[in-house]
Amino acid sequence: MKNFLTKKYYFVLLAFGALVSCQDILDETPSDKLSTERLLKSESGINGFRDQAYSYLDNDFTSHHSGEMLEVYTDDAVRAGSGACYNWHSGNLSADNTIFANGLWSRYWGGIRKCNLALEYMPQSQVPEDKISPADIERWMDEVKVLRAWYHFELIRNFGPLPFIREVIYDDYDGFQDIVRPEFGEIAAEIIAELDEVINNEILPVRSAYPSEYSKINLAVAHALKSRVALYAASALNNPNNDTYWWELAKQYSSGAITNLQGEYGLISIEDYQNLFTENIDVKNIEVLFRGNNQEAINKSDGVDLYGFLTNDRTNNCGAVPSQELVDCFEMLDGTLPVSQYDSEHVNPTFSNGYSENAGNEIYKNRDARLNYAVVFNGCDYGRYKSMPQGDPNIVIYTYEGKEFTGFNANPLSQEEADKRRSVTGYYGRKFKQAAYWGSTVGNTQARKIYFRMAELYLNLAEAECELGNLDDAINALDVIRNRAGQPGLKDVPGFQNTKAFVKARIRNERRVELCFEGHRFYDQRRWKDLSGINIVTGMKITSSNNNDDGEFSYERVKINLPREAGSEKYYYLPLSVEEARRLTGIGQPSEYY
């Protein structure tokens, strides 16, 4: 394998202002600008190297994607208005208009630089060992190595293969023109080797014994990231010849991760499923391997407007609202998917036996239990807000046309404040959100991004086994997730076919359901080279026979009247800016931009 560790491949990028001197080691050095030597004698200085390595994680839902949840750039959700999402779906992504790409480029290279600084300087610590021990340094070094591998992975899944950088670059570096792109498999192998080094060291705990350290990297992250990297390397976008080598590794690493983590981790029950998305970072959750430490007010920017229920405050926008296509992925209780075939516009689909959208039907009953945890739909019990009068019933959300505050918005480009708060699809997102955010005070609830959880490992394993033709093993892994949700095993689903095509389709559907609004769909569509459905999204316009909550409801699927032109191959990877591509001629743009 070609070696990308020699000096000619070491670089940092002008996009984050990286050509710095040794005195600029930390962004947050003390105000008197300690010299490097004094910094190495400082407990806060050495801790600062570790902390700065973490500071470039994408640790909230919207900040790094032009203020939007990543799902609005997929077919899982819609964002009304004429902002970044409108720009994206108008087909305008380019080197001249990178939308949110520049921010990610800067962020992840910045993270790599901070990791390399930490790995260079932490071993030089001159802090007394009763303050920071050699064991502390060893543990922190392995944490940072995992972070460095993770930042590299984020770069390559967004921008295509790029070299692995192991040293800090200073202002005398002049080799930018010599840098070239590796193959995806080459850089994936280097990332995995870095993770293997950490795993084999066995210094990091599988889970920290102290809640105060739950925000720090553990060995479970190394295993989960290794599984994810191999899965991406095996996928169609990065493995055009469908070499089984990478699928075998994805299988091995996913199975190995599950085996190594069982006992300390598992799957939470469906009755406690909501806790995955509303618990604080210092709560021990059996399923969560690692979550973000930034508590974002996602209810405020992407939530249900409860002002009609006399809360003291309200949302400023309903934000990313689920599409009808996502809702259609949630099965009936017998495992049947509601839609058996879409028409070209998705407004007059063929329904499966046992499902009907005739007037008066309760179309959200007898569905996969996860629908209630992911989506707010017409007639949904949304719980209670803080200090809600004790005798009042739980909040029930209605989304029919004409319903004040939460009813259907037929004008997705409206700039009226009332319209911005109402969904254009007839649905609202529920994951990471809760009514308890609102009430006599605002906030004091948890909404922390999940980076890795056990469910993903089973889905990774199922996908790899399926691609290798091991259908029984694929189904066994898939059924772990299905059974937790209360859904029947795949072989018991009406119409089951023991074919690779059928099992693959249901694995992809299961992944879409289980991991919705957790940042996976955007990348899954790309690594599968399948953007075929992204240009059509619909909503459900519901009307009430008496314009009240107790009326008979009628249903009409409607196409969302917004541009949807983001399905071309150039959307597989994000572009570099014009300036970066000119400077890094050996890297250039991803091939889809030529």
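Preceding block: the structure.
What comes next concerns the included structure. The shown structure was predicted, so the numbers you read here are calculated from the model rather than taken from an experiment.

### Describing helix α8 (residues 244-261)
- End to end, α8 covers 25 Å across 18 residues, agreeing with the expected 26 Å (1.5 Å per residue, within 8%).
- Here α8 has its buried residues at Trp246, Trp247, Leu249, Ala250, Tyr253, Ser254, Ala257, Ile258 and Leu261. Projected down its long axis, α8 carries its buried residues within an arc of 160°, all on one side.
- Two or three places before tyrosine 245, at the start of α8, stands the capping residue aspartate 243, its side-chain oxygen 2.9 Å from that residue's backbone nitrogen.
- Downstream of α8 by a residue or two, glycine 263 has a phi angle that is positive, lying close to 105°.

### Regarding the environment of asparagine 317
- Along the polypeptide, asparagine 317 turns up in the loop between α10 (298-301) and β3 (321-322).
- Under the relative-accessibility criterion, asparagine 317 is labelled buried at 11%.
- Separated by 224 residues in the primary sequence, asparagine 317 and leucine 93 place their C-alpha atoms 25 Å from one another.
- Look past the residues within four positions of asparagine 317 in its chain and what remains in contact with it is Arg79, Lys300, Ser301, Asp302, Gly303, Lys420 and Arg421.

### Topic: the pattern of salt bridges
- Following the criterion strictly, the structure yields 50 salt bridges and no others.
- Its salt-bridge partner being glutamate 514, residue arginine 453 comes within 2.8 Å of it at the nearest N-O pair. Remark: glutamate 514 occurs in helix α16 (residues 500-514) and arginine 453 occurs in strand β10 (residues 450-453); sequence separation between them is 61 residues. Neither arginine 453 nor glutamate 514 differs from the other in exposure class; each is buried.

### A closer look at the nonpolar core
- Trp88 and Trp150 are the most contacted members of the largest nonpolar core, which totals 181 residues.
- In terms of residue count, the dominant contributor to this core is helix α5 (residues 134-159) (13 residues).

### Topic: the environment of glutamate 518
- Within the secondary structure, glutamate 518 is located in the loop between α16 and α17 (521-527).
- Separated by 60 residues in the primary sequence, glutamate 518 and tyrosine 458 have C-alpha atoms spaced 16 Å apart.
- Each residue touching glutamate 518, except ones within four places of it in the same chain, is listed here: Glu71, Phe277, Lys431, Phe432, Ile450 and Arg453.
- A distance of 2.6 Å separates polar atoms of two side chains, one belonging to glutamate 518 and the other to lysine 431.

### As for the side chain of arginine 50
- Along the chain, the position of arginine 50 falls in helix α2 (residues 43-54).
- Exposure remark for arginine 50: the relative accessible area of 5% places this residue in the buried category.
- Among the polar contacts made by the side chain of arginine 50, one reaches the side chain of glutamate 213 at a distance of 3.0 Å.
- Those residues in contact with arginine 50, other than ones at most four positions away along the chain, are Met122, Trp140, Glu143, Glu213 and Lys216.

### Focus on the side chain of glutamine 324
- When you line up the elements, glutamine 324 lands in helix α11 (residues 324-327).
- Apart from residues no more than four positions distant in its own chain, glutamine 324 is found in contact with Tyr427, Thr538, Gly539, Met540 and Arg557.

What counts, and where the lines are drawn
Residues numbered from 1 in each chain as written. Predicted model: local features only at pLDDT ≥ 70, side-chain atom pairs only at ≥ 80, totals over all residues. Heavy atoms only, no water. Helix = DSSP H or I, 4+ residues; strand = E, 2+ residues; numbered from the N terminus. Expected span 1.5 Å × (residues − 1). Buried < 20%, exposed > 50% of the residue type's maximum accessible area, 1.4 Å probe, protein only. Arc of directions from axis to C-beta. Polar contact = N/O pair within 3.5 Å; in protein donor to acceptor, adjacent residues only side chain to side chain. Contact = heavy atoms within 4.5 Å. Salt bridge = Lys/Arg side-chain N within 4 Å of Asp/Glu carboxyl O. Core = buried A, V, L, I, M, F, W, Y, C linked by side-chain atoms within 4.5 Å.

This is a description of form; function is not addressed.
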